[in-house]
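Summary of structural features
Residue strings, one per chain:
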Amino acid sequence: MKNFLKLTNFFLLLIIITACKKTFNQKELIKDSKQQTSEQLDITNKKMEVRFSCEKDGISEFLNNDWVIVEKYTQEKICTWKSVPANKDCDIDKDKGCKITIPDKIGKEKIYLLEKKIN
């Protein structure tokens, strides 16, 4: 029984020592990375995402103000909704529970990722 306790204490001590050694190695790596210097650029970039829905487009205002289109993509979007009766016997004005809302007009949403360089 004494041998078993000594053996478990030895393994417990071994685990603690190896765990501490790993944290010391990580701290040394952090110190080394702080000592490295990097060049800072004078030019910074501003980035912006602009969305135009349902055939409206005002991107020319941004392009006139020195913004550059980095990426452009489109997706479908519901522009308007309409209310219809759930069945032919339903009166929308009297029975509110029988009214359902469905998409009326589906259009495109244009999404622009813009970038502007500032000196």
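It should be noted that the structure appears before, not after, this text.
First, a word on scope: everything that follows refers to the structure included in this document. (Residues numbered from 1 in each chain as written. Predicted model: local features only at pLDDT ≥ 70, side-chain atom pairs only at ≥ 80, totals over all residues. Heavy atoms only, no water.)

A few points about the nonpolar core
Soluble globular proteins: nonpolar side chains tend toward being buried together. Formed by Val50, Phe52, Ile59, Trp67, Tyr112 and Leu114, the largest nonpolar core amounts to six residues. The set of elements that each furnish at least two residues to this core consists of β1 (44-53) and β3 (99-118). Look past the residues within four positions of isoleucine 59 in its chain and what remains in contact with it is Phe52, Ile69, Tyr112 and Leu114. (Core = buried A, V, L, I, M, F, W, Y, C linked by side-chain atoms within 4.5 Å. Buried < 20%, exposed > 50% of the residue type's maximum accessible area, 1.4 Å probe, protein only. Helix = DSSP H or I, 4+ residues; strand = E, 2+ residues; numbered from the N terminus. Contact = heavy atoms within 4.5 Å.)

So, the environment of glutamate 49
For glutamate 49, the position within the fold is in strand β1. Among the residues examined, glutamate 49 registers a relative accessible area of 41% and is labelled partly exposed. In sequence terms glutamate 49 and valine 70 are 21 residues apart; their C-alpha atoms lie 9.9 Å from each other. What glutamate 49 contacts, discounting residues up to four positions off in sequence, is Tyr73, Ile111, Tyr112 and Leu113. Among the polar contacts made by the side chain of glutamate 49, one reaches the side chain of arginine 51 at a distance of 3.0 Å. (Polar contact = N/O pair within 3.5 Å; in protein donor to acceptor, adjacent residues only side chain to side chain.)

Structural notes on the packing of aromatic side chains
Within the structure shown, the criterion is met by one aromatic pair. Where phenylalanine 52 meets tyrosine 112, the ring centres are 6.1 Å apart and the plane angle is 65°; that geometry is what we call edge-to-face. Placement of phenylalanine 52 in strand β1 and of tyrosine 112 in strand β3 is noted, with a sequence separation of 60 residues between them. Taking the relative accessible area as the measure of exposure, tyrosine 112 reaches 3% and is therefore buried. (Phe/Tyr/Trp six-rings, centres within 6.5 Å; stacked < 30°, edge-to-face > 60°.)

Quick notes on the side chain of glutamate 109
Structurally, glutamate 109 can be placed in strand β3. Relative accessible area serves as the criterion here: at 6%, glutamate 109 is assigned to the buried category. Polar contacts involving the side chain of glutamate 109 include one to the side chain of serine 53, which spans 3.5 Å. Beyond its immediate sequence surroundings of up to four residues, glutamate 109 is in contact with Arg51, Phe52, Ser53, Tyr73, Thr74, Gln75 and Lys77.

That is the geometry; function is a separate question.
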